[in-house]
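A closer look at the structure
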Amino acid sequence: MRRKIAAGNWKMNGLREALREVEGLHSANPNPDCEVIICPPATLIRSMVKTCDTMNINVGGQDCHENSSGAHTGDISAEMLADTGATHAILGHSERRDAYGESSTLVRAKTRAAWNAGLVAIVCVGETLEEREAANTLDIVGGQLAGSIPDAATAENLIVAYEPVWAIGTGKTPTLNDIGEVHDFIRMRLERRFGEGVGRSVRILYGGSMKPENAADIAAVSNVDGGLVGGASLKAPDFSRIVAAL
Ligand code: PGA
């Protein structure tokens with residue numbers, strides 16, 4: 001039985017007053033059986049860790065550098081994330097692959113760095129609209145999975161997030177059948193590469209315009225183990241309803 005996960009990706013949103021949203025989430029905590037992870041901007045991580053201390057909510061970063069320290073102006077290492085009390089790191093989000101040219105090789109190095117620091121890596125994969133229309137979705141997702149995940153994956157150190165790029169922030173989602181097809185494919189690839197035990201236990205999240213209205217239907221699809229939620233994670237009432245639905 002894989003425990004469901006609701007992970008909130010705040011992206012570059014949130015000033016200190018946004019911490020109150022998390023307090024709101026707690027008072028409305030609808031589902032203690034669902035693991036909740038919030039990934040705020042780096043400036044809020046430490047405060048968020050303190051806010052979430054007694055709330056059974058984990059906190060993650062949205063990226064890390066592949067090295068543990070050094071002359072990398074503006075970057076944050078996995079050790080630094082762990083030092084704040086963060087437990088997870090989103091890696092290879094399509095916005096970083098696109099805006100910063102992050103390759104799967106780089107994402108793999110970052111994932112290794114996250115593991116070395118004791119963090120759980122949430123590795124993102126997903127096709128663009130052109131790739132979907134050219135019927136290349138599974139090739140793209142398969143290639144990103146193979147390239148971005150190091151060999152030492154376990155059910156404890158890895159979460160995979162399938163996020164079709166064209167569904168992120170657009171209000172569009174794939175059909176439930178299409179989501180199921182990709183999640184089944186990811187499961188098959190994980191089992192083939194890491195063996196049945198690990199492959200069956202790694203959680204696979206769906207991301208891209210997940211909302212309170214569609215979360216229950218998406219979470220009922222085979223091999224969907226929760227959601228990576230952007231926009232709808234910014235308001236406590238919406239995110240609470242998603243947590244409840246999952
Ligand atoms: P969205 O973003 O829920 O706003 O579509 C999801 C993500 O990018 O992780």
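Provided above is the structure to which this section pertains.
Let me begin by describing the structure that accompanies this report. (Residues numbered from 1 in each chain as written. Predicted model: local features only at pLDDT ≥ 70, side-chain atom pairs only at ≥ 80, totals over all residues. Heavy atoms only, no water.)

Observations concerning the overall build of the protein chain
- On a plain count of helices and strands, the protein chain comes out with 10 helices and 8 strands.
- Scaling as 2.2 N^0.38, a compact globule of 246 residues should have a C-alpha radius of gyration of about 18 Å, and the protein chain matches this with 17 Å.
- The principal-axis extent of the C-alpha atoms belonging to the protein chain is close to 45 × 45 × 35 Å.
- Counting over 246 residues, the protein chain shows a buried share of 52%.
- Surface summary for the protein chain: the accessible area is close to 11000 Å², and the carbon and sulfur share equals 49%. (Helix = DSSP H or I, 4+ residues; strand = E, 2+ residues; numbered from the N terminus. Rg over C-alpha atoms; globule rule 2.2 N^0.38 Å. Buried < 20%, exposed > 50% of the residue type's maximum accessible area, 1.4 Å probe, protein only. Areas by Shrake-Rupley, 256 points an atom, 1.4 Å probe, with all protein chains shown as cover.)

Regarding the site of the ligand
- Within the structure, the ligand sits among 13 residues, and Lys 11, His 93, Glu 163, Gly 169 and Ser 209 are positioned closest to it.
- Separating an oxygen atom of the ligand from a side-chain N or O atom of His 93 is a distance of 2.7 Å.
- Within the backbone of Ser 209, a nitrogen or oxygen atom sits 2.7 Å from an oxygen atom of the ligand.
- Of the residues belonging to the shell around the ligand, the class tally is 4 nonpolar, 7 polar and 2 charged. (Near = heavy atom within 4 Å. Polar contact = N/O pair within 3.5 Å; in protein donor to acceptor, adjacent residues only side chain to side chain. Nonpolar A, V, L, I, M, F, W, Y, C, P; charged D, E, K, R; others polar.)

Things to note about the nonpolar core
- In terms of nonpolar packing, the biggest core is built from 62 residues, with Ile 38, Ile 149, Val 160 and Ile 186 touching the most fellow members.
- Here the element with the most residues in this core is helix α8 (residues 176-201); it accounts for 6 residues.
- Ranked by size, the runner-up nonpolar core spans 12 residues in total, among them Ile 5, Ile 90, Ile 122 and Cys 124. (Core = buried A, V, L, I, M, F, W, Y, C linked by side-chain atoms within 4.5 Å.)

Looking at the sheet that holds strand β4 (residues 88-91)
- Within the closed barrel, the 8 strands sit side by side as β1-β2-β3-β4-β5-β6-β7-β8. Their pairing is parallel. Across the sheet, the mean angle separating the axes of adjacent strands is 25 degrees when strand polarity is ignored.
- Relative to the sheet, α8 contacts β5 (120-125), β6 (158-162) and β7 (203-207), its axis offset from that of β7 by approximately 160 degrees. (Pairing = 2+ DSSP bridges. Axes fitted to C-alpha atoms, helices over the stretch in contact; angles between N-to-C directions. Contact = heavy atoms within 4.5 Å.)

Structural notes on the pairing of β4
- By the alternation rule, side chains of β4 split into His 88 and Ile 90 and Ala 89 and Leu 91, which are all buried.
- At this point the chain moves from strand β3 (residues 57-61), through helix α3 (residues 78-84), to the parallel β4, and the crossover so formed is right-handed.
- One ladder, built from 4 bridges, connects β4 with β5; its direction is parallel. If you follow Leu 91 over to β5, its bridge partner there is Val 123. (Right-handed = clockwise from strand over helix to strand, strands pointing away.)

Concerning helix α10 (residues 236-245)
- For α10, the full list of buried residues reads Ala 236, Phe 239, Ser 240, Ile 242 and Val 243. Angular distribution of buried residues about the axis of α10 spans 160 degrees; they occupy a single face of the element. (Arc of directions from axis to C-beta.)

Considering unusual backbone geometry
- Here Lys 11, not a glycine, exhibits a phi torsion of approximately 50 degrees, which is positive.
- Within the secondary structure, Lys 11 sits in the loop between β1 (5-9) and α1 (19-27).
- Look at Lys 11 and you get partly exposed, because its relative accessible area is 22%.
- Although it is not a glycine, Ala 135 adopts a positive phi angle of roughly 60 degrees.
- Within the secondary structure, Ala 135 sits in the loop between α6 (129-133) and α7 (137-148).

Note that all results are geometric; they support no functional claim without further evidence.
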